[in-house]
Amino acid sequence: MHRFTLPNGLRVLLAPSHRHPRVAVAVHYGVGFRSEPPGREGFAHLFEHLMFQGSEQLTGGEFYDRIHRLGGSANGTTHQDYTDYYQAVPASALDGALFAEADRMRAPLFTEEALAEQLEGVALEIHGTTVERPYGGFPWPLLPAVLYRSYANAHDGYGDAERLRAATVADCRAFFAEHYAPGNAVLTLAGGFDAAEARALVERHFGDIPGRPVPARPDLREEAPEADRWAYGTEPGVPATAVALGYRLPDPADDLAGYLAHTVLARLLRATGAQGGGGPVETSCGFFGPLDALAPETLVVTGLLPPDTAPERFVERVDAGLAHWAEPGAPGHGEAVRTAVRDLALDHVRRHDDLQTRARALGRLELLFGRPGLLAELPDLLAGVGAAEVAAAARALRGTARAVLVLTPGPERTRPAPYEAPAAPVRSARAAGEPVVPAWAETLTPAGTRVVCYRDERTPLAELRIKAPLGPGGWRAPGRVRRLAYDAQLRAGAAWRATGHFGTVQVTTDDQWLEVSGHAPAERAGDWLRTVVGTVLAAGTGGSGASGVPNGSAQAPALPAPPATALQRTADAALRLRLLPAAGGAAALPGPAGAVVVVTGPGDPDATAALVTRTLAGWSAADAATPERAAPGPGTAYGEDTVLTLHRPGAAEAHVTLCAPASMSTATEAADYLATAALGGWFGSRLAVDRTPGLTVITGRDTAAAGHRAYLRAWYEGPHRPQTVRELRERVRRMACEPFTAAEADATRVFCAGQVLSVFDTQEALADMLCQTAAYGHDATWLMRLPRALREAPLADVSRAAVRMFAERPLTALAVQTDAVDAGAVRTDAVDADKAARDLPGGRAA
């Protein structure tokens, strides 16, 4: 960590990490909604929106445009005592990111047009969060007005949208002048950069911003309540009463040990608060997370009550939980506290593995407490919390008054009365950061599973991924496989929880693959794999699992696809039926042949690969279906005269998928990747720029049954129009045949390379993408080489790839879902109606 302060008062934190090819930039200002004066409720949040509306040298939407062109991301948030702005870009774009942040710290633009636009945007956000959402405003921003009595602590940080409309451009300029001085800010950089070079860039961009007086922090002190404070409201259209309890927390600046003891206690209350029935209990230190605000801060306990349960019963359950933990010598307390401490520490490490999250946390801890090092120290500090400290925290909460907020079902929405204040330039380029190729090992098990293990020492956790093709039986009956996967999830989750180890197991399917993912302490990776093999992979398809949850079977009822992807998944299921032979096995979870296992973590890759191979010995082809890997022959399903049509009664829009068989080869991958993106894979692509109103079109590549494909997806409101299929075919063929210009290709290169670099931000995201690239057949280090390959792919190869994928071969119209269809103008081939009705979600086949 490098810390220094510029002459204008700007505090700077540099946290270089040369294994990262991207850099996160965060700027924290010491102003939040507790800084707002009476009558200006919600102004800090409104101002956060305005800071993205242009500056002296980056007008309009240029701030976002520059970041998005690089495949980066940017956002801002408003909290009680600070507002932060953050972005993540490729390391080569650090100079530009600092230029943009400095320009709006120096001279943001405030116009009547921008103010009016953002007032509308903020009004919609407030309405969506506090009115349209069930239990809107619960627990924040309603609970502070019950627990606190001073304006700063109690008022609604969203404010009233109509009252905000009184704001003027002059108000905005005055707010900026008072609160957005360099001396009231912290600039944080984390990721792939050289500290000396970064310091020079910071001094060049921020050093000449004039210093201004820094405002005093608002006085947040107030007495704790002497008696419980209750407040009530009603909510229409909900089945359960919601209850939130608010307790005052110790000041972490003066009593960090006590604060952390309450954090551990909050974790323990989740378990004991739910004992004896009555639904789950959720807890949080702080409305927006631990160490996110100055004192006074709040410990929040929430729950949804079963019907006919009085809110007083929930309060009694929480009291019983506090009484339980107030006895330090009770049997099992020591081990339970150690487990909670371990889980909190690992949660902390894993959460802050993310590049932007780490940069934001460092800046926040510096701004609020002057201790950015707390980010690294917290696991050790938590380890100092024992049963005695937790008992002291529980006794303290039992002896203090609290706030109780109750929202009950009712015919109309009512809320407690809100708190009312008492009357009265050209940038120099730098060499692009490249992803680090970690130590890795690869092997193929005797049963045909590819195992790839990588060393990643960012956290003490192992991220584990398994991806297996469903095979003909699963592809024929996706709804039944969803049921099998759901049952497997129940078994695996219960079995893993029974071990008492930290981590998760998730079992999902996208109708093409079965995917098992999760994380565990690195030393428990073998336990995780044994759990998965025993409850998912080798559990078979009948009988009962160890958890007592019935296993799925080929006769189990089908589950529908998630609503957001139902149309797309139904179309793809129709294609798979066309690609498969007429006969096939029953639906079952897949076998090991063709599957991929990826593990990332701090262990030795060779040793990890050997462990995986040994553990997977219990997964054999006899347990489940083994997929057929042969690609479909030409003409078996693909053909320009073929349109597969599915009717979906009640659908509001038509969905069309056009596709052709394609290969996935490392030799051509960079050119194929760029051609797909440049044609219709990002907001600057040809199909996006030359957009037909009411018609959304994207391109992509993936796997369908046992072969790869290139596809175009389109959707539009109303019934299916056969003419649209013909127009889409001709349009994409024409665009694909026109060679890309250097400007088109270069813009696409920058965006795609930036998007690829983003997966290196976290161990979790990296494991996901490594598993995907391995499943598509790429070698173990391909992902690390891909950004450079994208930048260096010859322009002519990119143009040829577009022709090869989208123009040379017939684009089959796979499926259309709509409420009505005029089939007279186009030939349709029927999908098996009985099978479609049984296995494809919500539709009948025509």
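Reading guide: rules and limits
- Residues numbered from 1 in each chain as written.
- Predicted model: local features only at pLDDT ≥ 70, side-chain atom pairs only at ≥ 80, totals over all residues.
- Heavy atoms only, no water.
- Helix = DSSP H or I, 4+ residues; strand = E, 2+ residues; numbered from the N terminus.
- Buried < 20%, exposed > 50% of the residue type's maximum accessible area, 1.4 Å probe, protein only.
- Areas by Shrake-Rupley, 256 points an atom, 1.4 Å probe, with all protein chains shown as cover.
- Pairing = 2+ DSSP bridges.
- Axes fitted to C-alpha atoms, helices over the stretch in contact; angles between N-to-C directions.
- Contact = heavy atoms within 4.5 Å.

> Sorry, what's going on with the overall build of the protein chain here?
Tallying secondary structure elements over the protein chain gives 28 helices and 23 strands in all. Expressed as a percentage of its 846 residues, the buried residues of the protein chain come to 56%. Looking at the protein chain as shown, the accessible area adds up to about 32,700 Å², and 54% of this sits on carbon and sulfur atoms.

> Looking at this model, I keep getting lost on the pairing of strand β2 (residues 11-16). Mind explaining?
If a strand is regular, its side chains alternate between the two faces of the sheet. Alignment of strand β1 (residues 2-5) against β2, held across four bridges, turns out to be antiparallel. By the bridge assignment, His-2 is partnered in β2 with Leu-14. Connecting β1 to the antiparallel partner β2 that follows it, the hairpin turn spans five residues, and Gly-9 within it adopts a positive phi of roughly 100 degrees. Two elements, β2 and strand β6 (residues 185-191), share six bridges in a ladder whose sense is parallel. Paired with Ala-15 across the strands is Ala-190, a residue of β6.

> Hey, could you run me through unusual backbone geometry in this one?
Excluding glycine, most residues fall at negative phi; most peptide bonds, likewise, are trans. Cis rather than trans, the peptide bond between Phe-138 and Pro-139 has omega equal to -5 degrees. As for its placement among the helices and strands, Pro-139 is situated in the loop between α4 (112-132) and α5 (142-147). Look at the link from Trp-140 to Pro-141: it is a cis peptide, with omega at 10 degrees. The backbone phi angle of Tyr-135 is positive, close to 55 degrees, even though this residue is not glycine. Within the element layout of this structure, Tyr-135 appears in the loop between α4 and α5. Take Tyr-135: its relative accessible area is 14%, and that puts it in the buried class.

> Before we go on, may I ask you to explain the sheet that holds strand β13 (residues 450-455) in this structure?
Within a beta sheet, neighbouring strands are joined by backbone hydrogen bonds and run either parallel or antiparallel to one another. Strand order across the open sheet formed by six strands is β12-β13-β17-β14-β16-β15, with mixed pairing between neighbours. A single partner strand is all that each edge strand has here, and the edge strands are β12 (440-444) and β15 (504-509). Across the sheet, the axes of successive neighbouring strands diverge by a mean angle of 10 degrees, strand direction being ignored. Across six bridges, β13 lies against strand β17 (residues 596-601) in parallel orientation. From the neighbouring strand, Arg-455 faces β17, where its bridge partner is Gly-601. Of the strands in this sheet, β14 (461-469), β15 and β16 (513-521) are in contact with helix α18 (residues 525-537), which crosses β16 at around 150 degrees.

That is the geometry; function is a separate question.
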